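Listed here are the chains, written in short residue letters.
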Amino acid sequence: MVIKVEELYYSYGGERNAVDGISFEVEKGEIFGFLGPNGAGKSTTQNVLTGLLPVQKGRVEVAGRDMRRAGHDLYNLIGVSFENPNIYLRLTGLENLQFFASLYDRETADPMSLLRKVGLEEAAHQRVAAYSKGMRQKLVLARSLVNRPEIWFLDEPTAGLDPTTTQWVIDLVREKRDEGTTVFLTTHNMHVADALCDRVAFLNEGRIVAMDTPRNLKLRYGEKLVTVEHRRDGRLEREVLSLSDERERERLAELVRLGRLETIHSEEATLEEVFIKVTGRALQ
Amino acid sequence: MVHRFLTLTAKDLRLIVRGHMLTVVVAVALIYVGLVNFVVPEDVIVKPTVVLWDQTTVQSVRRLFEAAVDGGAADAEIILVDTEAAFEEAMAVHGNRLGLRVEGGETPERVVVTYQGHENPEVRRLLEASLRQQLGPLRGEAPLTFATETLQPGTAPERPPFNLSLLPILIFTEAGMIGLLLAAALFYSEKTEGTLRAYRVTPGGLTEYLLAKSVAMGLLGLVSTTIVTLFTVGLDVNWPAILGVVFLSAVVVTLVTLVAANMFQTISQFLFTGVLLNLVLALPTVSYFLPGFAPVWLRWLPTYPMIFALREAYFPTGAEAVLTGAVGQILLTLVVVLPLAVLAFRRRLIARDV
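Just so we're clear, the structure is a prediction, and the values are computed from it rather than from any experiment.

## Some points on the overall build of chain B
- Each helix and strand counted, chain B has 15 helices and five strands in total.
- In chain B, of all internal contacts separated by at least 6 residues, the share reaching a separation of at least 24 is 76%.
- Total accessible area computed for chain B in this model is approximately 16,800 Å², and 65% of it derives from carbon and sulfur atoms.

## Comments concerning the pattern of salt bridges
- According to the stated counting rule, one finds 33 salt bridges over all chains in the structure shown.
- Arg 232 of chain A is the partner of Glu 237 of chain A in a salt bridge, and the nearest nitrogen-oxygen pair spans 3.6 Å.
- Among the residues examined, Glu 237 of chain A registers a relative accessible area of 17% and is labelled buried.
- Here Arg 110 of chain B ties to Glu 103 of chain B by a salt bridge, and the two come within 2.9 Å at their closest N and O atoms.

## Details of the sheet that holds strand β3 (residues 31-35) of chain A
Residues and elements named next belong to chain A.
- Spatially, the six strands line up as an open sheet ordered β6-β7-β8-β3-β9-β10, and their pairing is mixed. Of all strands in the sheet, those bounded by a partner on one side alone are β6 (78-81) and β10 (207-212). Each neighbouring strand pair of the sheet contributes to a mean axis angle of 15°, computed without reference to strand direction.
- This element, helix α4 (residues 133-144), spans β6 and β7 (151-155) of the sheet and lies at about 170° to β6.
- Each of β3, β9 (199-204) and β10 touches helix α9 (residues 271-279); the most contacted strand, β9, lies at about 40° to it.

## A look at the interface of chain A and chain B
- Contacts between the two partners involve 28 residues from chain A, matched on the other side by 25 residues from chain B.
- It is Leu 52, Tyr 88 and Arg 90 of chain A in chain A that bury the most area against chain B; as a group they hold 27% of the surface buried on that side.
- Scanning the region where chain A abuts chain B turns up three salt bridges.
- A salt bridge links Glu 95 of chain A to Arg 14 of chain B, with the shortest nitrogen-to-oxygen separation between them at 3.8 Å.
- The tally of links from chain A across to chain B stands at ten residue pairs in polar contact (both at pLDDT 80 or more).
- The dominant element in the side of chain A that touches chain B, judged by the number of residues it contributes, is helix α2 (residues 93-101) of chain A, at three residues.
- A class-by-class count of the residues in the side of chain A that touches chain B yields 15 nonpolar, eight polar and five charged.

## Section: the domain arrangement of chain A
- The assigned domain composition of chain A is domain 1 (3-213) and domain 2 (223-268).
- Each of domain 1 of chain A and domain 2 of chain A has a C-alpha centre, and these two points are 44 Å apart.

## As for the confidence of the model for chain A
- Taken over all residues, the pLDDT of chain A has a mean of 89, while the share at 70 or more is 99%.
- Across chain A, the element-wise mean pLDDT spans from 82 in α9 of chain A up to 95 in α2 of chain A.

## Topic: the domain arrangement of chain B
- Segmenting chain B into domains produces domain 1 (2-41 + 161-350) and domain 2 (49-139).
- Computed from C-alpha atoms alone, the centre-to-centre distance between domain 1 of chain B and domain 2 of chain B is 47 Å.

## Section: the pairing of strand β8 (residues 182-187) of chain A
Residue and element names in this part refer to chain A.
- In terms of burial, β8 is a largely internal element, six of the six residues being buried.
- Covered by surrounding structure in β8 are Thr 182, Phe 184 and Thr 186 together with Val 183, Leu 185 and Thr 187, the residues of both alternating faces.
- Relative to β8, β3 runs parallel, the two being bridged by five bridges. Bridging across to β8, Ile 31 finds its partner in Val 183.
- Taken together, the five bridges between β7 and β8 define a ladder with parallel strand orientation. What sits directly across from Trp 152, in β8, is Val 183.
- For the segment spanning β7, helix α5 (residues 163-178) and β8, crossover handedness is right-handed.

## A word on the confidence of the model for chain B
Residue and element names in this part refer to chain B.
- Across chain B, the average pLDDT comes to 82, with 90% of residues at 70 or higher.
- Across chain B, helix α9 (residues 206-230) holds the top mean pLDDT of 92, while helix α5 (residues 121-135) sits lowest at 76.
- In the predicted complex, the global pTM is 0.75; the interface-specific ipTM is 0.85.

## As for the nonpolar core
- Counting 119 residues, the largest nonpolar core has Ile 3 and Phe 24 of chain A as its most contacted members.
- Looking at which element gives the most residues to this core, the answer is helix α7 (residues 167-193) of chain B, with 15 residues.
- Those residues in contact with Phe 24 of chain A that lie beyond four places of it in its chain are Ile 3, Lys 4, Val 5, Phe 32, Phe 34, Thr 45, Leu 49, Phe 184, Ile 208 and Met 211 of chain A.
- Residues Val 118, Leu 172, Leu 217 and Ala 269 of chain A belong to the second largest nonpolar core, which totals 44 residues.

## Quick notes on the pairing of strand β12 (residues 235-242) of chain A
All names here are of chain A.
- Inspection of the sheet shows strand β11 (residues 225-232) paired to β12 by eight bridges, in the antiparallel sense. Directly across from Val 226, in β12, lies its bridge partner Leu 241.
- Counting the residues that bridge the hairpin from β11 to β12 gives two residues, and of these Asp 233 lies at a positive phi of roughly 55°.

## Observations concerning the packing of aromatic side chains
- With the rule as written, the count across this model stands at 22 aromatic pairs over all chains.
- Relative to Phe 32 of chain A, the ring of Phe 24 of chain A has its centre 5.2 Å away and its plane inclined at 10°; by these criteria the two rings are stacked. Each of the two residues, Phe 24 of chain A as well as Phe 32 of chain A, counts as buried.
- On the basis of an interplanar angle of 70° and a centroid distance of 5.5 Å, the ring pair of Phe 187 of chain B and Phe 345 of chain B is categorised as edge-to-face. One end of the pair, Phe 187 of chain B, is in helix α7; the other, Phe 345 of chain B, is in helix α15 (residues 320-352), and 158 residues separate them in sequence. Note on accessibility: Phe 187 of chain B and Phe 345 of chain B belong to one class, buried.
- Seen from the ring of Trp 168 of chain A, Lys 138 of chain A lies directly overhead, with NZ or CZ sitting 5.0 Å from the centre.
- Positioned above the aromatic ring of Phe 87 of chain B, the side-chain terminus of Arg 101 of chain B is 5.8 Å from the ring centre.

Calculation notes
Numbering of residues begins from 1 in every chain and follows the order in which that chain's sequence is written. Key to labels: chains lettered from A, ligands numbered from 1, both in the order written. Selection of residues for local features in this predicted model requires a pLDDT of at least 70, selection of side-chain atom pairs for listing and counting requires 80 or more, and totals for whole chains, interfaces and linings are taken over all residues. As a convention, hydrogens and water are excluded, and side-chain values are obtained from all of the structure's heavy atoms. Only DSSP runs of H or I reaching four residues or more are called helices, and only runs of E reaching two or more are called strands; each is numbered from the N terminus. When checking whether two residues touch, look at their non-hydrogen atoms; a contact exists if any pair is within 4.5 Å. Computed with the Shrake-Rupley method and a 1.4 Å probe, the accessible areas treat only the protein chains shown as cover for residues. For this document, the term salt bridge refers to a Lys or Arg side-chain nitrogen within 4 Å of an Asp or Glu carboxyl oxygen. Exposure classes here rest on a 1.4 Å probe applied to the protein chains alone. A residue is buried below 20% of its type maximum, exposed above 50%, and partly exposed in between. Pairing between strands requires that DSSP locate at least two bridges from one strand to the other. Simply put, an axis is a line fit to the C-alpha atoms, just over the touching stretch for a helix, and the angle between two N-to-C directions goes from 0 to 180 degrees. Put simply, buried area is the surface a 1.4 Å probe can reach on two separate parts but cannot reach once they are joined, added for both. Pairing of N or O atoms within 3.5 Å defines a polar contact, subject to two protein rules: one partner must be a possible hydrogen donor and the other a possible acceptor, and residues neighboring in sequence count only if both atoms are side-chain atoms. Residues are grouped as follows: nonpolar covers Ala, Val, Leu, Ile, Met, Phe, Trp, Tyr, Cys and Pro; charged covers Asp, Glu, Lys and Arg; every other residue, Gly included, is treated as polar. Residue ranges for the domains originate in an automatic or database domain assignment. You can read pLDDT as the predictor saying how much it trusts each residue, on a scale of 0 to 100. Convention used here: a crossover is right-handed provided that the path from the first strand, over the helix, to the second strand proceeds clockwise when the strands point away from the viewer. Nonpolar core, defined: a set of buried Ala, Val, Leu, Ile, Met, Phe, Trp, Tyr and Cys residues in which side-chain atoms within 4.5 Å join the residues together. Two rings from Phe, Tyr or Trp (for Trp, the six-membered ring) form a pair when their centres are within 6.5 Å of each other. A pair whose planes differ by under 30 degrees is stacked, one over 60 is edge-to-face, and the rest are tilted. Lysine NZ or arginine CZ positioned within 6 Å of the ring centre and within 35 degrees of the ring normal marks a charge as sitting over the ring.

Structural data, given as structure tokens:
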């Protein structure tokens, strides 16, 4: 296990714990999604895992190190991409990466190669203040990879990005996973989580309410539906039938038997629908 | 660690230049050069008080002075005494008083000018020439003898001109106190950008982070000091001492500033405390102008030794101990403040996840 969390609690001093006794493990090379709406405790958990917040109660191990005693050398092994693009606006993209690369005690990636990889080669010598939001997000992602991390923490890496850039981020994460990097992804974008994650944990009000592969969650909590199109009196009709309901199963059998079916599609529930079913609340 | 410290310093210097802080510092330095060279006079004319003890029977000098004052020809206040004890007592009341003792029988034979000791040679020469001209004819053909005595010889045999005597204060103000505001501005720009948070998930520590900022501010202080010094007193000063004191002072003031700034989320929240801190740290300038005012608490302010070390470095009196003592006190402050700053940052950053 590269991340091991046991009975983690975190409180900012309010009535309710921001993180309320969660436990989970992440295996090497896995993309683990931490999903939940704003205020669910996702970022707090990630901040504890990355040492930005202390472990108040419980046990947290990252890369084999107890986070209560982890030293600065841990940061040679992990990369953290923040939701808000926190970069030096008065430095150029290249200067930003060169500066951060110089802080590590291990061999780092070539800053220019990283900029090329994220499509910022031409803007390398421009000050970041002139970058668009998408460019800044790409630079933050590049920075989090500068030390060739073994564990990559991504906090809402696609927030506010256009669909093309979002797809580019998804491809980049897959590529790093294929290279053996473990990815801890915090997001409330269920589409991204569904496309990327080997396993996901649903977080609601500081607690993990479900944790499994996206497929298993959808099978367990989602309704199995079939959408059929058939002709009656020359008119095309469309019906959505649940395979869990006996009467609707019989209706489907009848349509098959009568030979009136024109199209038939099975429909899975989305992760978002599963989340709503499990928690009773929407993600946004 | 050294490599990280150097990288951090280089980054801070780059931000200082691109944030126009260097421009501000150079502009202020040039304004100071203009002030010292063209605005502030070399000597401030203060109406002197003359303690006159005319021992002659005809009191001709006394009458001459009284007539001059009454007629508006002499711009001085006269205190008349008639005993040695009264003379000494009157001279001791204020360090700005000059003594004039006229010796003789019926007519004046000898005039003794009594100085406090801090008057500069030019002022002395001017005064003596004026007295010779005014009092010389009183004795007719026989020459009047002139003598001088100094109450506290060696207190300031070569007192610098007034405009240059402001240099330690101006250097202290720019290198130290402007550093306070610029260090806060640099810190808050990183806080606002969130780059401090990004730094926290690297192997870089807080000691390097704080030292780099302080050293960058120290180097900025050297730039302004070099400009002001070069264009006012020139090359013939104790450069290593001046630059050393300025650098160490700026480092200490920056660290103190960062500890204070760390307690506030935004620069506007810090503003009141920043101004207050500025005022408190600038209090030793009072002692510079009024040496008699130097309570113990004031001497413990980290800026106190800075000002007096700068004065000794610019206008050496031979009191090496002032310089070495001050440097020692600044270094001691640094040794105490640095770990405190690291501790304060660690507690605050982790508690607030900055």
